[in-house]
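Examining the three-dimensional arrangement
Spelled out, the chains give:
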Amino acid sequence: MILNKARFYNITYNLTFDVHERFNIGTYKEKTLHLALKRYFEESDDYHEVPTNGFIADVRRDNEITEIETLGFSGLVPKLSAYLPEYKVNLVHPLAAKKYVSWIDPGTREISQRRISPKKETVYDGLYELVRILPHIKNENLNVVFLLLEMDEYKLLDGWSRDKKRGAHRFERIPTDVFELIEINSDEDYIKYIPDSCVRDFTVKDFARGAKIDTGVARAVVKVMEARGVIEKIGKSGRSFIYSRAGI
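The structure displayed is predicted, hence computed values, not measured ones.

Quick word on the pattern of salt bridges
- Taken as a whole, this structure holds 14 salt bridges when the rule is applied.
- Among the salt bridges present, the one from R228 reaches D187, with a minimum N-O distance of 2.6 Å. Of this pair, R228 sits in helix α7 (residues 215-228) while D187 sits in helix α5 (residues 187-191); the two residues are 41 residues apart in sequence, bridging distant segments of the chain.
- By relative accessible area, D187 is classed as partly exposed at 32%.

Structure follows, in C-alpha cells:
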C-alpha cells in the first residue's frame, strides 16, 4: 500500500462538516475516525458494510476485506477465522502518534481548549494488540496496517474523580493528519522492530530498554514475535526467560 496524503486530507476535510452538523452528544452511530478510514481505503459505499460469512465486513471488494479496528483487536479471532480461509484481510489499526485532547461538559456542552497529550503511540502499541489474535499471526492472508495519525480527541467530563476526568468516557476522535502507513505481513516486517541490542541472550526487560517501551508492552510484543517465529526461547535465568533471534 502507498500512503496518499492528498486523499486522506480530502476525506477528513469533508468529514469536518458532518462532524459540526452532528456534534450533539449521543447522536453518533459511527465514529468519525472509523468512517474516515473506511472511506480512505474504499471510496465507494457499495463495498461498505458487506455481510460476509456470518459477520459484517467494513469493506469487501472481490476477494479482499479491509477491517477497521479503531479500539483494539479484542474479540477479533472469530471474525478472522471466518474471513481468512477465503479472503485476504487488511487489518487496519490507527495509532495516535500526536493527539490533542479537549473536554466536553455534558451539561453545558462547553468544549475546553485543546491541549496536546504527552502520550504518543508508536508501532509497538500496534504490535501489542497482535497478542489478541495469536492464532492467526502466521496466516499468509493477513496483512496488518498501522496508520500513524494526528488526531483531536474529545472526552466527556463524566468521570468519578473530583475533576471528573478519571474514568471519563471518550466521545469522539477526529483525524487531522497522517504521518505514515506501515504494513506488517512478513517475517522481515516483524524483525525490523527487534532492537539492535537484542540478538541473543536477551530478556523482556532488555527488549523494553532497547525499544524504549514499557515492560508490559514489551512482554506482549515478545510473545507476538515468538508466535511469529522470529525470536525463540533459549533458556531461563531465575524467573526470566532468555530469548534469541530465530536461527542465530
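Now that the structure has been shown, we can carry on.
Some thoughts on the sheet that holds strand β9 (residues 231-237)
- Taken in spatial order, the three strands line up as β8-β10-β9 in an open sheet, and their pairing is antiparallel. Strand pairing shows two members of the sheet lacking a second neighbour, β8 (200-202) and β9, which therefore form its edges. Averaged over neighbouring strand pairs, the angle between their axes works out to 35 degrees when direction is ignored.
- Note that β9 and strand β10 (residues 240-245) share six bridges and pair antiparallel. Residue I231 lies in a different strand from β10, and its bridge partner there is R245.
- Seen against the sheet, α7 touches β9 and β10 and runs at an angle of roughly 120 degrees to β9.

Observations regarding the side chain of T70
- Looking at where T70 falls in the secondary structure, it is placed in the loop between β3 (64-68) and α3 (77-83).
- Discounting residues that sit within four places of it in the chain, T70 has contacts with L33, H34, H93, P94 and R173.

Regarding the pairing of β3
- With four of five residues buried, β3 lies mostly within the body of the structure.
- Sheet analysis places strand β2 (residues 55-61) next to β3, joined by three bridges and oriented antiparallel. By the bridge assignment, R61 is partnered in β3 with E64.
- The turn linking β2 back onto β3 is made up of two residues, and D62 within it adopts a positive phi angle of 55 degrees.

Let's talk about the confidence of the model for the protein chain
- Averaged over every residue, the pLDDT of the protein chain is 91; residues scoring 70 or more account for 94%.
- With pLDDT under 50 throughout, residues 23-28 is counted as low confidence; its partners more than four residues away or in other chains account for 18 contacts.

A closer look at the packing of helix α6 (residues 204-211) against α7
- Closest axis-to-axis distance for the α6/α7 pair is 8 Å, and the angle between their directions is 105 degrees. In terms of axis orientation, α6 runs roughly perpendicular to α7. Here α6 contributes V204, K205, F207 and A208 to the contact with α7, which in turn contributes T215, A218, R219, V221, V222 and M225.
- Split by residue class, the contact of α6 with α7 holds seven nonpolar, one polar and two charged.

A short note on α7
- Given a rise of 1.5 Å per residue, 14 residues ought to cover 20 Å, and the 20 Å separating the end C-alpha atoms of α7 matches this to within 8%.
- For α7, the full list of buried residues reads V217, A218, A220, V221, V222, V224, M225 and R228.
- The inward-facing, buried residues of α7 abut α4 (123-129), α5, α6, β9 and β10.
- Of the residues flanking the start of α7, the one acting as N-cap is D214, its side-chain oxygen 2.8 Å from the backbone nitrogen of G216.
- G229 sits one or two residues past α7 and shows a positive phi near 95 degrees.

About the cut-offs
- All chains use their own residue numbering, which begins from 1 and follows the written sequence.
- Owing to the predicted nature of the model, reporting of local features is limited to residues with pLDDT of at least 70; listing and counting of side-chain atom pairs is limited to 80 or more, with chain, interface and lining totals taken over all residues.
- Calculation of side-chain values draws on the structure's entire complement of heavy atoms; hydrogens and water are dropped beforehand.
- Just to be clear on terms, a salt bridge is a Lys or Arg side-chain nitrogen sitting within 4 Å of an Asp or Glu carboxyl oxygen.
- The way it works is that DSSP assigns letters per residue, a run of H or I at least four long becomes a helix, a run of E at least two long becomes a strand, and they are numbered from the N terminus.
- Buried, partly exposed and exposed residues are distinguished by accessible area as a fraction of the type maximum, computed with a 1.4 Å probe on protein chains only: under 20%, between the cut-offs, and over 50%, respectively.
- In this analysis, strands are considered paired if DSSP registers two or more bridges between them.
- Only the stretch in contact is used when fitting a helix axis, every axis being a line fitted to C-alpha atoms; angles between N-to-C directions are given from 0 to 180 degrees.
- Residues are treated as being in contact if the distance between any of their heavy atoms lies within 4.5 Å.
- Confidence per residue, as judged by the predictor, is encoded in pLDDT with a range of 0 to 100.
- Any angle between 65 and 115 degrees counts as roughly perpendicular, while under 35 counts as roughly parallel, over 145 as roughly antiparallel, and the rest as oblique.
- For this classification, Asp, Glu, Lys and Arg are treated as charged, while Ala, Val, Leu, Ile, Met, Phe, Trp, Tyr, Cys and Pro are nonpolar and the rest, including Gly, are polar.
- A helix is expected to span 1.5 Å multiplied by its residue count minus one.
- Here a polar contact is recorded for every N or O atom pair within 3.5 Å, except that within protein the pair must consist of a potential hydrogen donor and a potential acceptor, and residues adjacent in sequence are included only if both atoms are side-chain atoms.

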